[in-house]
Amino acid sequence: MGPAREATVRRRRDFPGWRMVWALSVTETVAYGVLYYSFAVFLVPMREELEASTAQVSGALTLSLALSGLGAVVVGRWLDRFGARWVMAGGSLLGGASVVAWSQAQDLPQLYLAFVGIGLASAAVLYEPAYAVINTWFRRDRPRALLTLTVVAGFASTIFLPASQLLIDGLGWRSALLVLAGVVAACALPHALVLRRSPADMGLVPDGRPDDGTPSAPASAAPEVDLSPYRGAGGAWRRPAVRWLTLAAALQMVANATVAVFLVAYLLEAGAPAGLAALAAGGLGALSVTGRVVLTVLAARVGIGTVTAAMVVGQAVGVAMLFALPQPAATVVFVLLFGIGFGVLNIARPALLGEYVPGPVFAAVSGQQALAVQFGRVVAPLAAGALITAFGYGPGFTFSAGCALAAAILLVASDRAAALTRERAAPR
């Protein structure tokens, strides 16, 4: 290994940005595991003790998701001005306190109040602030940093669903929540100790090269262009690429949420064994991790927008195969095709947005995009559920496939619009 290669490896290993990525990978896994995924395990014991219906108890999570989307807009503006360090540390403490309040809820109003806090904490500690950190600290290595973050955090449900059930079995659901509250609150420590606002504050530039005055030109990112006509978060929304990307992300979330909510019920009604139905649902999450790796590898050669669009089209094809093939082959093919694309927007959206808008407004625009994505997550079960109730699972899943196809078309449109904007803005 030559001296230049040794210096590059040393800089990457010692670069504070990578320490932040690994710290965020752990804290995101905890935050998603406790504040979102664990709810499914606590649903039944909560429902029985509070003497409420499933819909009434589930409404608390819906409220949390809606507030998380709204809060992301405010948090995004804060991140652009002050960085993620204290907002994420404070969000972890708020999350821990809110889970304590959840554990003590004696009726539905108290439960809903606790989930107001959980929703606000989620806006401060889930993916959006972590994306802002990576966008600030990385250029050339941004796809690799996003892959690290989302692959590790992709195991949140795998870790926290069984762990939560073990805690409930051993301690009861209220004491189990107290343990999880402590785990969430403890994430404030790495947030406060490790996160920093920008490389310039430490005499560095993105990706870790010393600030010696040499321009930092990413090897694989889009070329820098004059974005002066689009200053500010409001100006960024005048760019067609930003609007198409946002709508694509929201539609893909509708497709994903529809399948996540109704897949097991459809398979059981279609006569599939309960074990196969559960395995299929779990397989979507596992394959989403594979899909993120595939996306990162292929994007360096083909382009992240093109690869993402192709994988989202694959989701629509998977839905068609679910109804066209006999069981169990239909389920296997569906899980493979739909699962590969299940989590690709978690990498593609922040990576593409980082190319489309100036860095100083990235977090504000990303937070506004998150609101649209959360809207898709909340609306999907209602819209698809109404279709399924009225017409059956075929039209409901066709709705999901249509959303995926529309998202793929919009992804291609956003990539082309961004290329045209760069061409027009490039110096003559």
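Located above this text is the structure these notes cover.
All of the points below concern the structure found in this document. (Residues numbered from 1 in each chain as written. Predicted model: local features only at pLDDT ≥ 70, side-chain atom pairs only at ≥ 80, totals over all residues. Heavy atoms only, no water.)

### Topic: the overall build of the chain
Test applied: Put simply, DSSP marks the helices as runs of H or I at least four residues long and the strands as runs of E at least two long, and each gets a number from the N terminus on. What makes two residues a contact is simply this: any of their non-hydrogen atoms within 4.5 Å.
Secondary structure assignment for the chain yields 19 helices and zero strands. Long-range pairs, those at least 24 residues apart, make up 80% of the contacts in the chain between residues at least 6 apart in sequence.

### Some words on the side chain of Ser366
Structurally, the position occupied by Ser366 is in helix α18 (residues 362-391). Leave out the neighbours within four places in its chain, and Ser366 touches Glu128, Arg349 and Leu353.

### A short note on the environment of Phe323
Within the element layout of this structure, Phe323 appears in helix α15 (residues 304-324). Between the C-alpha atoms of Phe323 and Thr398, which are 75 residues apart in sequence, the distance is 9.9 Å. Setting aside its immediate chain neighbours within four residues, Phe323 contacts Tyr266, Tyr393, Gly394 and Phe397.

### Let's talk about helix α16 (residues 329-340)
Applied cut-off: What a helix should span is 1.5 Å times the count of its residues minus one. Partly exposed residues are those whose accessible area sits between 20% and 50% of the maximum for their type, while under 20% is buried and over 50% is exposed, using a 1.4 Å probe and protein chains only. Taken from the helix axis, the directions to the C-beta atoms give the arc we talk about.
Here α16 is 12 residues long and its end C-alpha atoms lie 17 Å apart, about the 16 Å a rise of 1.5 Å per residue gives. The complete set of buried residues in α16 reads Ala330, Thr331, Phe334, Val335, Phe338 and Gly339. One face of α16 carries all of its buried residues, which in axial projection span an arc of 130 degrees.

### With respect to helix α2 (residues 16-37)
Between its first and last C-alpha atoms α2 spans 30 Å; for 22 residues at 1.5 Å apiece the expected length is 32 Å, and the two agree. With 17 of 22 residues buried, α2 is to be regarded as a mostly interior element.

### Remarks on the pattern of salt bridges
Our working definition: By convention in these notes, a salt bridge is any Lys or Arg side-chain nitrogen within 4 Å of a carboxyl oxygen on Asp or Glu.
Inspection of the entire model under this criterion finds four salt bridges. Note that Glu128 and Arg349 form a salt bridge whose closest N and O atoms lie 2.3 Å from each other. Residue Glu128 is found in helix α7 (residues 127-137), and its partner Arg349 is found in helix α17 (residues 345-356); the two are separated by 221 residues along the sequence. Given the relative accessible area of 6%, Arg349 is considered buried. Close ionic contact of Arg140 with Asp141 constitutes a salt bridge, the shortest N to O distance being 3.9 Å.

### Comments concerning the packing of aromatic side chains
For clarity, the threshold we go by: Paired rings are identified among Phe, Tyr and Trp, the last through its six-membered ring, by centres lying within 6.5 Å, and are further divided according to the angle between planes into stacked (under 30 degrees), edge-to-face (over 60) and tilted (the rest).
Enumeration over the complete set of coordinates arrives at 19 aromatic pairs. Taken together, a centroid distance of 4.5 Å and an interplanar angle of 50 degrees make the contact between Trp78 and Phe82 tilted. With Trp78 and Phe82 both in helix α4 (residues 54-82), this residue pair falls four residues apart, about one helical turn. Classification of Phe82 as partly exposed rests on a relative accessible area of 43%. A centroid spacing of 4.8 Å and a plane angle of 65 degrees characterise the contact between Trp102 and Phe115, whose relative ring orientation is edge-to-face. Of this pair, Trp102 sits in helix α5 (residues 85-103) while Phe115 is found in helix α6 (residues 108-125), placing the two residues 13 residues apart along the sequence. Judged on exposure class, the residue Trp102 and its partner Phe115 are both buried.

### Let's talk about the packing of α15 against α17
Heads up, the rule is: Lines fitted to the C-alpha atoms define the axes, with helices restricted to the stretch that makes contact. Angles between their N-to-C directions range from 0 to 180 degrees. By definition in this entry, angles of less than 35 degrees are roughly parallel, angles greater than 145 are roughly antiparallel, angles of 65 to 115 are roughly perpendicular, and the rest are oblique. Take the far helix as your reference; a near helix turned counterclockwise from it by less than a right angle gives a left-handed crossing, and one turned clockwise gives a right-handed crossing. Classification used: nonpolar for Ala, Val, Leu, Ile, Met, Phe, Trp, Tyr, Cys and Pro, charged for Asp, Glu, Lys and Arg, polar for all others including Gly.
Where α15 contacts α17, the two axes come as close as 10 Å, and the packing angle between them is 150 degrees. It follows that α15 is roughly antiparallel to α17 by the angle criterion. The chirality of how α15 crosses α17 is left-handed. For the pair formed by α15 and α17, the contact residues are Ile304, Gly305, Thr308 and Val312 on the first element and Leu345, Ile347, Ala348, Ala351 and Leu352 on the second. Looking at the contact of α15 with α17, its residues break down into seven nonpolar, two polar and no charged.

### A look at the environment of Val179
Note that Val179 resides in helix α10 (residues 173-186). You can call Val179 partly exposed: its relative accessible area is 37%. When the C-alpha positions of Val179 and Val100 are compared, they lie 9.0 Å apart, and in sequence the two are 79 residues distant. Residue contacts for Val179: discarding those within four places in its chain leaves Leu167 and Leu171.

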